[in-house]
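What follows is each chain in one-letter form.
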Amino acid sequence: MKPILLHPDDNVLVLAEPILAGQAIEIDGAELVAPGDVAVGHKIARRALVAGEKILKYGAPIGSMTVAAAAGEHVHMHNMKSDYIASHTRLATGES
């Protein structure tokens, strides 16, 4: 499985298909093992990212990491935040 690089400066890649934990993924010519399941259209780290690091997508900053992520790890609201708009999360409350 080869994720999509949208811009050469990006530090995240976009998935054209879902990946499962343990699946082989190719990042910059190197084969890695996916550390977890990630849905289609979501981002994964192109390389190891540190807390506070700007996330680049389409060559532009879209937010910052709130915790570190390894190469191939899911990058989403659980470990990054927007630097521009308030982020919303959905908590399991049992309400519909």
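The paragraphs below set out a description of the structure included in this document. (Residues numbered from 1 in each chain as written. Predicted model: local features only at pLDDT ≥ 70, side-chain atom pairs only at ≥ 80, totals over all residues. Heavy atoms only, no water.)

### Considering the overall build of the protein chain
Where we set the bar: Strands here are runs of E lasting at least two residues and helices are runs of H or I lasting at least four, both read from the DSSP assignment and numbered beginning at the N terminus. Summary of the burial criterion: residues with accessible area below 20% of their type's maximum are buried, those above 50% are exposed, and those between are partly exposed, where the area comes from a 1.4 Å probe applied to protein chains only. Contacts are assigned to residue pairs that have any heavy atoms within 4.5 Å of one another. Note on areas: these come from Shrake-Rupley sampling with a 1.4 Å probe, and a residue is covered only by the protein chains present in the view.
Check the secondary structure of the protein chain and you find zero helices and eight strands. In the protein chain, the succession of α and β elements from N to C terminus is β-β-β-β-β-β-β-β. Burial status across the protein chain gives 29% buried among its 96 residues. Put simply, of all contacts in the protein chain between residues at least 6 apart along the chain, 41% involve residues at least 24 apart. Here the protein chain has roughly 5800 Å² of accessible surface; of this, 57% comes from carbon and sulfur atoms.

### Some points on the pattern of salt bridges
Quick note on the threshold: The salt bridge definition used is simple: a Lys or Arg side-chain nitrogen within 4 Å of an Asp or Glu carboxyl oxygen.
Counted by the stated rule, this structure contains four salt bridges. Between lysine 54 and aspartate 83 there is a salt bridge whose closest N-O contact spans 2.8 Å. Remark: aspartate 83 occurs in the segment after β8 (80-81) and lysine 54 occurs in strand β5 (residues 54-57); sequence separation between them is 29 residues. Look at lysine 54 and you get partly exposed, because its relative accessible area is 42%. Under the relative-accessibility criterion, aspartate 83 is labelled partly exposed at 25%. Residue aspartate 83 pairs with lysine 81 through a salt bridge whose shortest N-O separation is 3.0 Å. Under the relative-accessibility criterion, lysine 81 is labelled partly exposed at 40%. Overlapping salt bridges bring together Lys54, Lys81 and Asp83 as one network.

### Some thoughts on the sheet that holds strand β7 (residues 74-75)
To be explicit about the condition: A pair of strands is treated as paired once DSSP finds two or more bridges between them.
Strand order in the open sheet formed by three strands is β1-β4-β7, and the pairing between neighbours is antiparallel. At either margin of the open sheet sits one strand with a lone partner, and together these are β1 (12-14) and β7. Of the strand pairs in this sheet, β1 and strand β4 (residues 43-45) are connected by three bridges, and their pairing is antiparallel. Residue pairing for β4: valine 14 is matched across the bridge by lysine 43.

### Some remarks on unusual backbone geometry
Residue aspartate 28 is not a glycine yet carries a positive backbone phi of 50 degrees. By the element assignment, aspartate 28 lies in the loop between β2 (24-27) and β3 (30-33).

### Digging into a nonpolar patch on the surface
Selection criterion: Patch membership requires over 30% relative accessible area and the absence of a salt bridge. Like charges are linked within 9 Å, and nonpolar side chains (Val, Leu, Ile, Met, Phe, Trp, Tyr) within 5 Å.
Taken together, the side chains of Ile4, Leu6 and Tyr58 present a nonpolar region at the surface, about 290 Å² in accessible area. The topology assignment puts tyrosine 58 in the loop between β5 and β6 (60-65). With relative accessibility at 58%, the residue tyrosine 58 sits in the exposed group.

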